[in-house]
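Residue-level structural notes
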Amino acid sequence: AQSVTQLGSHVSVSEGALVLLRCNYSSSVPPYLFWYVQYPNQGLQLLLKYTSAATLVKGINGFEAEFKKSETSFHLTKPSAHMSDAAEYFCAVMNRDDKIIFGKGTRLHILP
Amino acid sequence: DAGVIQSPRHEVTEMGQEVTLRCKPISGHNSLFWYRQTMMRGLELLIYFNNNVPIDDSGMPEDRFSAKMPNASFSTLKIQPSEPRDSAVYFCASSPGTSNEQFFGPGTRLTVL
């Protein structure tokens, strides 16, 4: 079965610093991969998705993720953190049966 | 587009009462998903429908939970009787089809006293 592992349930970065949120997936076939963001008291919102086109995927709010098959990784990055980026981020993989399997989430804290 | 609509946004009830959560998916989407989110267990898929038909309900915790989708624009998740451990945020999401992302509603925060 497909699954995702997010390393670090909490990550803190200073405003203006690089954001790196780690995600590794397990899949026997080329997967569809997603990053979602959840702001407090809101539903999940799609940041970006990988569907076997370009390995570097650009999303909203300056985020991007790179699919690395050799490392089974799909890490999320942003060059310069902003206070408004404070939220919980979920990596997810889609099964062939259209089900999305979510990771446990990483809460991003931005330090002033 | 109004997005996925859920009601109510907040529900407080007493143990033993029936609770009904409602969802209106995005028009034209043919897949609908119900999730539960708690601090302890994270985001759990409860059940999903495709073209109004339940495809996988293996995530429904027990017989007290039931879900219906009588038409393409409406779904309900019912808990009867409710228990304090059912307290969580319940999300509905819809998708336009295979290999597409899911669009989430704002959630219903359920508190069972």
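Now for a quick tour of the structure. (Residues numbered from 1 in each chain as written. Chains lettered and ligands numbered in written order. Predicted model: local features only at pLDDT ≥ 70, side-chain atom pairs only at ≥ 80, totals over all residues. Heavy atoms only, no water.)

Another aspect to go through is the interface of chain B and chain A. Tallying the contact residues gives 21 residues for chain B and 17 residues for chain A. Buried area between chain B and chain A, both sides added, is near 1,500 Å², and the carbon and sulfur share of it is 50%. Put simply, chain B and chain A have 2 salt bridges between them. Our count for the chain B to chain A interface comes out at 5 residue pairs in polar contact (both at pLDDT 80 or more). Going through the elements one at a time, strand 4 (31–38) and strand 5 (42–50) of chain B are the ones with two or more residues in the side of chain B that touches chain A. In terms of residue count, strand 4 of chain B provides more of the side of chain B that touches chain A than any other element does, 4 residues in total. A class-by-class count of the residues in the side of chain B that touches chain A yields 8 nonpolar, 9 polar and 4 charged. (Contact = heavy atoms within 4.5 Å. Buried area = accessible area lost by both parts, 1.4 Å probe. Salt bridge = Lys/Arg side-chain N within 4 Å of Asp/Glu carboxyl O. Polar contact = N/O pair within 3.5 Å; in protein donor to acceptor, adjacent residues only side chain to side chain. Helix = DSSP H or I, 4+ residues; strand = E, 2+ residues; numbered from the N terminus. Nonpolar A, V, L, I, M, F, W, Y, C, P; charged D, E, K, R; others polar.)

What follows covers unusual backbone geometry. Residues and elements named next belong to chain B. Look at the link from serine 7 to proline 8: it is a cis peptide, with omega at -10°. Assignment of secondary structure puts proline 8 in the loop between strand 1 (5–7) and strand 2 (10–13). Between glutamine 80 and proline 81 the backbone carries a cis peptide bond, its omega angle lying at -5°. With respect to the helices and strands, proline 81 occurs in the loop between strand 8 (74–79) and strand 9 (88–95). Here asparagine 52, not a glycine, exhibits a phi torsion of approximately 75°, which is positive. Residue position: asparagine 52 is located in the loop between strand 5 and strand 6 (53–56).

Sheet strands line up and pair through hydrogen bonds in the backbone, either parallel or antiparallel. Residues and elements named next belong to chain A. Here we have 5 strands laid out as an open sheet, ordered 1-3-8-7-6, and antiparallel in their pairing. The strands lining the two open edges of the sheet, one partner per strand, are strand 1 (3–7) and strand 6 (56–58). The sheet shows a mean angle of 20° between the axes of neighbouring strands, taken without regard to direction. Sheet analysis places strand 3 (residues 19–26) next to strand 8 (residues 73–78), joined by 4 bridges and oriented antiparallel. Pairing of leucine 20 across the sheet is with threonine 77, part of strand 8. (Pairing = 2+ DSSP bridges. Axes fitted to C-alpha atoms, helices over the stretch in contact; angles between N-to-C directions.)

Bringing the packing of aromatic side chains into the picture now. Across all of its chains, the model carries 14 aromatic pairs over all chains by this definition. These aromatic residues form a ring-pair network of at least three members: Phe34, Tyr36, Phe90 and Phe102 of chain A together with Phe33, Tyr35, Tyr48, Phe91 and Phe104 of chain B. (Phe/Tyr/Trp six-rings, centres within 6.5 Å; stacked < 30°, edge-to-face > 60°.)

Residues and elements named next belong to chain B. Counted according to the given criterion, the structure contains 2 disulfides over all chains. Each sulfur of the disulfide joining cysteine 23 and cysteine 92 lies 1.9 Å from the other. Handedness of the cysteine 23-cysteine 92 disulfide follows from its S-S torsion of about -65°: it is left-handed. In this pair, cysteine 23 sits in strand 3 (residues 19–24) while cysteine 92 sits in strand 9, placing the two residues 69 residues apart along the sequence. For the pair cysteine 23 and cysteine 92, a shared accessibility class is recorded, and that class is buried. (Disulfide = S-S within 2.5 Å. Buried < 20%, exposed > 50% of the residue type's maximum accessible area, 1.4 Å probe, protein only.)

To continue, consider the pairing of strand 4 (residues 32–38) of chain A. Residues and elements named next belong to chain A. Within strand 4, 7 of the 7 residues are buried, which leaves it mostly tucked inside the rest of the structure. Judged by which residues are buried, strand 4 turns out to be covered on both faces: Tyr32, Phe34, Tyr36 and Gln38 on one side and Leu33, Trp35 and Val37 on the other are all buried. Pairing between strand 4 and strand 9 (residues 87–94): 7 bridges, direction antiparallel. The residue bridging phenylalanine 34 from the neighbouring strand is alanine 92, located in strand 9. Adjacent in sequence and paired antiparallel, strand 4 and strand 5 (residues 44–50) are bridged by 5 residues, among which asparagine 41 carries a positive phi angle near 60°.

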